[in-house]
Amino acid sequence: MKVAVIGASGYVGAELIGLLCQHDNISIQHLLVSENSSSCGKTFAALHGRWQGICDLPLQSFSQTWFDTFIPAKQDKDADNALDAVFFATPHEFSALWAGAFLDAGIKVFDLSGGFRLKELADYPHYYGFEHQDINTLSQAHYGLAEWQHEQIAGAELVAVPGCYPTASLLALKPVIAHELQLENSLVVVNGISGVSGAGRTASLASNFNEVSLMPYNILKHRHQPEISQEAGVEVIFNPHLAPYKRGLLATVTLQLKPGVTCARVEHAFKSAYQDKALVRLLDAWPKIDNVAHSPFADLHWQYDEDKQVLVVACAIDNLLKGAAAQALQCANIAMGLPDHYGLLPQTFTGSGDDYSLVSHAPSTSL
Ligand SMILES: NC(=O)C1=CN([C@@H]2O[C@H](COP(=O)(O)OP(=O)(O)OC[C@H]3O[C@@H](n4cnc5c(N)ncnc54)[C@H](OP(=O)(O)O)[C@@H]3O)[C@@H](O)[C@H]2O)C=CC1
Ligand SMILES: CC(=O)N[C@@H](CCC(=O)OP(=O)(O)O)C(=O)O
């Protein structure tokens, strides 16, 4: 698969490029940043020092002229420089504006922004602050929660890679909903905590080292609330929190189950969902951010009170990896017919209980 990455100077772009450049079925053709970016002309490694000696490709500026030069209206798929796919690790509005043009040229799109995650056009002004102009492209988008949407991802031209909070929340919620264990019309509460890299690389007062302190934010209005509700199929209350560490995200979901539901049924729901999934680890203790930071895993644990029928599920991920770049690579692997964990784990995984560990081919990280 010959690919381009737009957003190569950002945190998510950097993680993604680090994974792509070590993947033996993927070749990077172009790395792009915004038209007037100060990173333009630098090499990827000059900007992200941990990739020195691994990826020295130059960063180009994305513009209409770049598009007209490198993306012919009708691609010759066999040409040496023809692109098969483009990854957008860009602001939501940029993806919403440009994804359709790549699709028209026959290039698959993996969008890591929120530009195509919500199905309702009318939700964009409210939750994202812009009018989505491309209903035609939006209607072609398939949500890409890798463990749950394998078939749709395999056949998709445009994959909306899930948000970081939704990834952890949905991995925790979906087995319960799929097995119809939740008490109908009962409250579902999701508390999310994210490290500061979740806010991206561009400096802002809110993400300034001196300002960051554990606190809730965007309560009852965060854009991930409709995304989680849409994909879980139940309305949720979503409480995001910012925490003073670099990377990692924890979602803790609390919900009421139907009378008579036992621990055994809950266990069956989680085991049947994930026992053959390489990147989801069902733990027998509460997950820790430190065990998933810099890894593509999602760690899950639950506790159920049969008397009160209250279930609490916690899921920890790295927001930049399972919450973004690693999940995008899972989607690309699925599109190529490879195991979804290809290039993320050794190829020895055969199911739950196996002794598998993360391939550590990345040098120590700067984040
Ligand atoms: N951070 C996280 O944990 C997660 C982020 N995401 C999503 O991934 C996307 C990227 O996030 P993140 O890496 O954190 O953000 P950053 O702010 O770190 O990076 C944004 C990137 O987009 C580029 N960019 C901005 N405008 C344009 C443009 N007009 N044309 C081309 N490139 C442009 C920037 O380039 P430059 O500034 O050099 O021009 C930069 O490379 C966002 O949509 C975000 O919501 C998804 C899941 C998790
Ligand atoms: C800590 C922090 O600011 N987190 C970001 C969410 C991460 C992100 O970039 O969101 P997407 O997954 O939708 O792309 C936020 O709350 O807006």
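Structure's up top.
Below, the structure is looked at part by part. Residue numbering note: each chain is counted from 1, following its sequence as written. The lettering of chains begins at A and the numbering of ligands begins at 1, in the order of writing. Local features in this predicted model are restricted to residues of pLDDT 70 or higher, and side-chain atom pairs are both shown and tallied only at a pLDDT of 80 or more, whereas totals for entire chains, interfaces and linings draw on every residue. As a rule here, side-chain values cover all heavy atoms of the structure and leave hydrogens and water aside.

Things to note about the overall build of the protein chain
Next up, step 1: By definition, any uninterrupted DSSP run of H or I lasting at least four residues is a helix, any uninterrupted run of E lasting at least two residues is a strand, and each is numbered from the N terminus. Secondary structure summary: the protein chain contains 12 helices and 14 strands in total.
Next up, step 2: Radius of gyration here is computed from C-alpha atoms only, and the compact-globule reference equals 2.2 Å multiplied by the residue count raised to the power 0.38. Over its C-alpha atoms the protein chain spans a radius of gyration of 20 Å, differing by no more than 12% from the 21 Å that the globule rule assigns to 367 residues.
Next up, step 3: In terms of principal-axis extent, the alpha carbons of the protein chain reach across some 65 × 45 × 45 Å.
Next up, step 4: For the protein chain, the proportion of its 367 residues judged to be buried stands at 53%. Exposure is judged per residue with a 1.4 Å probe applied to protein chains only, and the accessible area is read against the type maximum: over 50% gives exposed, under 20% gives buried, and values in between give partly exposed.

Here's the deal with the packing of aromatic side chains
Next up, step 1: Aromatic pairs are defined between Phe, Tyr and Trp rings, using the six-membered ring for Trp, whenever the two ring centres lie within 6.5 Å; interplanar angles under 30 degrees are classed as stacked, those over 60 as edge-to-face, and all others as tilted. By the definition in use, this model includes 17 aromatic pairs.
Next up, step 2: Measuring from centroid to centroid gives 5.4 Å for Phe67 and Trp98, while their planes differ by 50°, and the two rings are tilted. With Phe67 in helix 3 (residues 64-70) and Trp98 in helix 4 (residues 92-104), this residue pair connects regions lying 31 residues apart in the sequence.
Next up, step 3: A network of ring pairs unites the aromatic residues Phe62, Trp66, Phe67, Phe70, Phe88, Phe94, Trp98 and Phe102 as a single cluster.
Next up, step 4: Between the NZ or CZ atom of Arg281 and the centre of the ring of Phe297, over which it lies, the distance is 3.8 Å. Only Lys NZ and Arg CZ are tested; either one counts as a charge over a ring when it is within 6 Å of the ring centre and within 35 degrees of the ring normal.

Topic: the site of ligand 2
Next up, step 1: As a matter of local geometry, ligand 2 sits amid 14 residues, with Arg117, Tyr217, His222, Arg223 and His224 nearest to it.
Next up, step 2: One of the backbone nitrogen or oxygen atoms of Cys164 is found 3.1 Å away from an oxygen atom of ligand 2.
Next up, step 3: Here an oxygen atom of ligand 2 and a side-chain polar atom of His222 are 2.7 Å apart.
Next up, step 4: Under the grouping applied here, Gly and all other residues not named as nonpolar or charged are polar, the nonpolar ones being Ala, Val, Leu, Ile, Met, Phe, Trp, Tyr, Cys and Pro and the charged ones Asp, Glu, Lys and Arg. Looking at the shell around ligand 2 residue by residue, the class counts come to five nonpolar, seven polar and two charged. Nearness here has a simple test: a residue counts as near a molecule or strand if at least one of its heavy atoms is within 4 Å of that partner. Residues adjacent in sequence count toward polar contacts only when both atoms are side-chain atoms; beyond that, a polar contact is any pair of N or O atoms within 3.5 Å, and within protein one must be able to donate a hydrogen and the other to accept it.

A word on the pairing of strand 14 (residues 310-317)
Next up, step 1: Of all eight residues making up strand 14, six are buried, and the element is well covered by its neighbours.
Next up, step 2: Each pair of strands is called paired provided DSSP finds at least two bridges between the two strands. In this sheet, strand 14 lies alongside strand 13 (residues 298-305) in antiparallel orientation, the contact comprising eight bridges. The residue of strand 14 that forms the bridge with Asp299 is Ala316.
Next up, step 3: Where strand 13 folds back onto strand 14 in an antiparallel hairpin, the turn is made up of four residues, including Gln309, whose phi is positive at roughly 55°.

Points about the site of ligand 1
Next up, step 1: Looking at ligand 1, there are 29 residues lining it, with Ser9, Ser34, Ser37, Thr90 and Arg201 nearest.
Next up, step 2: For ligand 1, an oxygen atom lies 3.5 Å from a polar atom in the backbone of Ala89.
Next up, step 3: The separation between an oxygen atom of ligand 1 and a polar main-chain atom of Thr90 is 2.7 Å.
Next up, step 4: Surface burial for ligand 1 is 83%, taken as the share of its 900 Å² of free accessible area covered by protein chains.
Next up, step 5: Breaking the shell around ligand 1 down by element, the ones donating at least two residues are helix 1 (11-20), helix 4 and helix 12 (321-335).
Next up, step 6: For the shell around ligand 1, the class distribution of residues is 12 nonpolar, 15 polar and two charged.
Next up, step 7: Split by domain, the shell around ligand 1 shows at least three residues from each of two domains, domain 1 (2-162 + 322-335) and domain 2 (164-319). Here the open area of atoms and residues is found with the Shrake-Rupley method and a 1.4 Å probe, where only the protein chains shown may cover a residue. Residue ranges labeled as domains rest on an automatic or database domain assignment.

A short note on helix 4
Helical geometry: 3.6 residues make up each α-helical turn, so side chains three or four residues apart lie on a common side.
Next up, step 1: By definition here, a helix of n residues has an expected span of 1.5 Å times n minus one. Here helix 4 is 13 residues long and its end C-alpha atoms lie 19 Å apart, about the 18 Å a rise of 1.5 Å per residue gives.
Next up, step 2: Along its length, helix 4 shows its largest kink, about 35°, at Trp98.
Next up, step 3: Among the residues of helix 4, Ser95, Ala96, Trp98, Ala99, Gly100, Phe102 and Leu103 are the ones counted as buried.
Next up, step 4: Contacts are assigned to residue pairs that have any heavy atoms within 4.5 Å of one another. In this fold, the buried residues of helix 4 make contact with strand 1 (2-6), helix 3, strand 4 (85-88), strand 5 (108-111), helix 6 (135-138) and strand 7 (158-160).
Next up, step 5: Of the residues one or two after helix 4, Gly106 is the one with positive phi, at around 80°. What we call the bend at a residue is the angle made by axes fitted to the seven residues finishing there and the seven residues starting there.

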